[in-house]
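Notes for the structure review
Chain by chain, the residues run as shown.
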Amino acid sequence: MNFELREWTAQDIPSLAHYADNEKIARWLRDAYPYPYTQKDAENYISSCLSAPKDKQLCRAIVVDGSAVGSIGVFCCGDIYRRSAELGYWLAEEFWGKGIMTAATKQICTAAFESFDIVRIYAEPFYDNAGSRKVLENAGFVLEGVMKNGVFKLGQLHDYCMYALLRN
Ligand SMILES: CC(C)(COP(=O)(O)OP(=O)(O)OC[C@H]1O[C@@H](n2cnc3c(N)ncnc32)[C@H](O)[C@@H]1OP(=O)(O)O)[C@@H](O)C(=O)NCCC(=O)NCCS
């Protein structure tokens, strides 16, 4: 399915608030991702993306037919982790299973390696997040380990995975 990655704009606020407000998305993400997801949350997220230093992160809207229907970002780490960056993403439920996130992940990782002095991009999906793990594997990420009981979400402990893509 056709999509583009582009920078967020204030015009995306209603679309972001609409598509992001989904328990089936929030359950796989950190608690910093709000649920319910309000218009104010959308405003805050977009303004944080627009104000962040451009040499430290690539934050992109996933756009289908002119509407922002998902989010993907690569965030450079600091201190001794400064040659690494973290990948995160979500997509509106009605667009799942069409290959969008696999293609978006490949595209943004290529751009991140071109833009930043990093050697490693990592992602930490929950062990049970089969869809996200498949996206990462499709994009060339390697499973480096499983962190037992590493996260506590919605009152329960879960295992999570460490996946990484190294610079060629
Ligand atoms: C995970 C997510 C990003 C996948 O996006 P997507 O665009 O549907 O992924 P793709 O279409 O590129 O699918 C990649 C592969 O995963 C498979 N897949 C997708 N969802 C799946 C699921 N729930 N269970 C099993 N496999 C799944 C697809 O069939 C495809 O397999 P293939 O390569 O053999 O064809 C999307 O489901 C989502 O936003 N989920 C909620 C938020 C989330 O989990 N974010 C990631 C946190 S680490």
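Residues numbered from 1 in each chain as written. Predicted model: local features only at pLDDT ≥ 70, side-chain atom pairs only at ≥ 80, totals over all residues. Heavy atoms only, no water.

Within the structure shown, the criterion is met by eleven salt bridges. As a salt-bridge pair, Asp31 and Lys153 come within 2.8 Å of each other at their nearest N and O atoms. Of this pair, Asp31 sits in the loop between α2 (23-26) and α3 (39-51) while Lys153 is found in strand β6 (residues 142-153), placing the two residues 122 residues apart along the sequence. Relative accessible area serves as the criterion here: at 58%, Asp31 is assigned to the exposed category. With relative accessibility at 8%, the residue Lys153 sits in the buried group. Across the salt bridge formed by Asp117 and Arg83, the nearest N and O atoms sit 3.2 Å from each other. Note that Asp117 is positioned in the loop between α4 (100-115) and β5 (120-123) and Arg83 in the loop between β3 (67-76) and β4 (84-91), a separation of 34 residues in sequence. Counted as one network, the salt bridges with shared partners bring together Arg30, Glu86 and Glu124. (Salt bridge = Lys/Arg side-chain N within 4 Å of Asp/Glu carboxyl O. Helix = DSSP H or I, 4+ residues; strand = E, 2+ residues; numbered from the N terminus. Buried < 20%, exposed > 50% of the residue type's maximum accessible area, 1.4 Å probe, protein only.)

We now examine the sheet that holds strand β1 (residues 4-6). Judged by pairing direction, the sheet is mixed, and its seven strands sit side by side in the order β1-β2-β3-β4-β5-β7-β6 without closing on themselves. Two strands bound the open sheet, and with one partner strand each, they are β1 and β6. Adjacent strand axes in the sheet meet at a mean angle of 30° when their direction is disregarded. Note: β4 against β5, three bridges, orientation parallel. (Pairing = 2+ DSSP bridges. Axes fitted to C-alpha atoms, helices over the stretch in contact; angles between N-to-C directions.)

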